[in-house]
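Structural overview
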Amino acid sequence: MTPPRARTWGRRGHTPVIRVRGRSRRRTSVAALCCYKPGEPARLIYRPRAHLLLKGARKSFSWKDYRDLLVRAHIQLGGPIVVVWDNLNTHLAAGLKRCEVEHDWLTTVRLPPYAPDLNPVETFWSLVRRAMANTAFDTPDDLDRVLRRELRKIQLRPRLIDACLTSTGLAINPLTPP
């Protein structure tokens, strides 16, 4: 619920002050996949999840949540998936590695240790954060509603998702049979 900050057009020397209520007892996490296939429009598949900030409760996605997202993506895309992971500790979990071994439709590739510039999803998140900057949300439900609206806007613009890949300097080259 802590609002992100961005530039303001206030008068120089007069910092605008926005009162924000106290902390919420909820946290919202979102996992997203930018999906690219040569000859088809890019797709965005995402799953938001609200977490209650209770003592001992998980505050982020678990490897099971990522596994479920990959299974849903496989069903939606209707074919094999090559996932390019960053080195988030949850992506390195033994459960996800077992899932890769068990499913022949899933192949994973790891990015170098610190390479956010090679990850198209990082560009995507910067678009979402920019759209929500300088906004104070009244309730967690208001945050969820605006977040889903911004994600849906991006989801409906495949060229914007293509631009996220282009910004990394990477390209998809389809395999040609020998």
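Residues numbered from 1 in each chain as written. Predicted model: local features only at pLDDT ≥ 70, side-chain atom pairs only at ≥ 80, totals over all residues. Heavy atoms only, no water.

**Digging into the nonpolar core**
When a protein is soluble and globular, its nonpolar side chains tend to lie buried together. Counting residues in hydrophobic clusters, the biggest one holds 19 residues, and the most contacted among them are Leu44, Phe124, Trp125, Val128, Met132 and Leu151. Where this core is concerned, the elements lending two or more residues are strand S1 (26–35), strand S2 (43–52), helix H3 (120–132), helix H4 (140–155) and helix H5 (158–166). With residues near it in sequence (within four places) discarded, Phe124 still touches Ala32, Cys34, Leu44, Leu151, Ile154 and Cys164. Within the second largest apolar cluster, 16 residues are counted, among which are Leu33, Cys35, Val83 and Leu106. (Core = buried A, V, L, I, M, F, W, Y, C linked by side-chain atoms within 4.5 Å. Buried < 20%, exposed > 50% of the residue type's maximum accessible area, 1.4 Å probe, protein only. Helix = DSSP H or I, 4+ residues; strand = E, 2+ residues; numbered from the N terminus. Contact = heavy atoms within 4.5 Å.)

**Let's talk about the pattern of salt bridges**
In the structure shown here, the tally under the stated rule is six salt bridges. Measuring nitrogen to oxygen at the nearest pair gives 3.8 Å for the salt bridge that ties Glu40 to Lys37. Linking Arg149 and Glu150 is a salt bridge whose minimum nitrogen-to-oxygen distance equals 3.6 Å. Taking relative accessible area as the criterion, Glu150 reaches 9% and is therefore assigned buried. Members of the salt-bridge network, linked through shared partners, are Arg149, Glu150 and Lys153. (Salt bridge = Lys/Arg side-chain N within 4 Å of Asp/Glu carboxyl O.)

**A closer look at helix H1 (residues 63–77)**
Over its 15 residues, H1 runs 21 Å from end to end, which matches the ideal 21 Å to within 8%, given 1.5 Å per residue. Considered for burial, the residues of H1 that qualify are Asp65, Tyr66, Leu69, Leu70 and Ala73. For H1, the buried positions fall inside an angular range of 140 degrees around the axis, keeping them on one side. Taken together, the buried residues of H1 touch S1, S2, strand S3 (81–85), helix H2 (94–102) and strand S4 (106–110). (Expected span 1.5 Å × (residues − 1). Arc of directions from axis to C-beta.)

Functional significance is not addressed by these values, which are geometric in nature.
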